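Below are the chains, spelled out letter by letter.
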Amino acid sequence: MNSAPPIPTIPWLTEDECTRIESLIAPLAGQYETKPEHWIHGHDEGLSYCRECALAEIARLQSDHPDREYDLDGGWGIEGDGLEYCEICEHPLNNHLTRYGAECELEAFEEEGFDLTSQYQCYALSRILDSHGFGPYAYLPGSPFELQQRHKFYSRLHALCRSILAAN
Ligand SMILES: [Zn+2]
């Protein structure tokens, strides 16, 4: 039995409204400076670094453990459950958000409100949109659970964007 796509419970943003959101956040999001994400093969690959710190860390590890091999990896945006920062210098790193990561960022906006004058917040919203678009992609296949989760996610995203448009 095929499950029908979920019925929207909120009016989705129009294409024009989506474009307005993108142009509202683009200037400040573009000013938020990030560096490519790197990690070290042979070391804990869950740790992220900027290129400079990764190279310095490799040199340090190599001198501590001359018998082991460490290699620089990364340099492109991979998916993460949150926005990443360099393990050493804490500089923001660019990556893509998993839906879980995007949900966490959305939740923060819902709780604290969205500040259009914050470079960080504009950047975080642009990451959500770059990673997941405006959806709601009800036509894409998925289990009933997945469709429901997707529907919930885009409902929240559209509600947030609608509140930004209303305030600006
Ligand atoms: Zn660094």
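Residues numbered from 1 in each chain as written. Predicted model: local features only at pLDDT ≥ 70, side-chain atom pairs only at ≥ 80, totals over all residues.

**Some points on the overall build of the protein chain**
Right, on to step 1. Scanning the protein chain from N- to C-terminus turns up 5 helices and 7 strands.
Right, on to step 2. Counted from the first residue to the last, the protein chain has its helices and strands arranged as α-β-β-α-β-β-β-β-β-α-α-α.
Right, on to step 3. For the C-alpha atoms alone, the extent of the protein chain along its principal axes is close to 60 × 45 × 25 Å.
Right, on to step 4. Across the 168 residues in the protein chain, those meeting the buried criterion constitute 25%.
Right, on to step 5. A separation of at least 24 residues holds for 65% of the contacts in the protein chain among residues at least 6 apart in sequence. (Helix = DSSP H or I, 4+ residues; strand = E, 2+ residues; numbered from the N terminus. Buried ≥ 20, exposed ≤ 12 C-beta atoms within 10 Å, placed from the backbone. Contact = placed C-beta atoms within 7 Å.)

**So, the domain arrangement of the protein chain**
Right, on to step 1. Per the domain assignment, the segments making up the protein chain are domain 1 (15-32 + 98-167) and domain 2 (35-94).
Right, on to step 2. On a C-alpha basis, the centres of domain 1 and domain 2 stand 29 Å from each other.
Right, on to step 3. Counting from both sides, the interface comprises 7 residues of domain 1 and, opposite them, 6 residues of domain 2.
Right, on to step 4. Of all the secondary structure elements, the ones that give two or more residues to the side of domain 1 that touches domain 2 are α3 (99-112) and α4 (119-132). (Domains from an automatic or database assignment.)

**Structural notes on the packing of α3 against α4**
Right, on to step 1. Close contact between α3 and α4 brings their axes to 10 Å; oriented N to C, the two are set at 150°. What the angle tells us is that α3 and α4 run roughly antiparallel. The handedness of the crossing between α3 and α4 is left-handed. Where α3 approaches α4, its residues Arg-99, Ala-102, Glu-105 and Leu-106 are matched on the opposing element by Ala-124, Ile-128, Ser-131 and His-132.
Right, on to step 2. Per-class residue counts for the contact of α3 with α4 are 4 nonpolar, 2 polar and 2 charged. (Axes fitted to C-alpha atoms, helices over the stretch in contact; angles between N-to-C directions. Parallel < 35°, antiparallel > 145°, perpendicular 65-115°, else oblique. Left-handed = near helix turned anticlockwise from the far one by under 90°. Nonpolar A, V, L, I, M, F, W, Y, C, P; charged D, E, K, R; others polar.)

**Let's talk about the sheet that holds strand β5 (residues 84-85)**
In sheet architecture, strand pairing relies on hydrogen bonds along the backbone and comes in two forms, parallel and antiparallel.
Right, on to step 1. If you trace the 3 strands from one edge of the open sheet to the other, you get β1-β6-β5, paired in mixed fashion. Edge positions in the sheet fall to β1 (35-36) and β5, since each of these pairs with one other strand and no more.
Right, on to step 2. As paired elements, β5 and strand β6 (residues 92-94) share 2 bridges and run antiparallel to each other. Among the inter-strand pairings, Glu-84 is bridged to a residue of β6, identified as Leu-93. (Pairing = 2+ DSSP bridges.)

**Some words on the environment of Gly-133**
Right, on to step 1. Inspection of the secondary structure puts Gly-133 in the loop between α4 and α5 (144-167).
Right, on to step 2. With 115 residues separating them in the primary sequence, Gly-133 and Cys-18 have C-alpha atoms 9.6 Å apart.

**Quick word on unusual backbone geometry**
Right, on to step 1. Residues Gly-135 and Pro-136 are joined by a peptide bond in cis, for which omega reads -5°.
Right, on to step 2. As for its placement among the helices and strands, Pro-136 is situated in the loop between α4 and α5.
Right, on to step 3. Unusually for a residue other than glycine, Glu-90 sits at a positive phi of about 65°.
Right, on to step 4. Assignment of secondary structure puts Glu-90 in the loop between β5 and β6.
Right, on to step 5. Here Tyr-137, not a glycine, exhibits a phi torsion of approximately 55°, which is positive.
Right, on to step 6. Take Tyr-137: it is sitting in the loop between α4 and α5.

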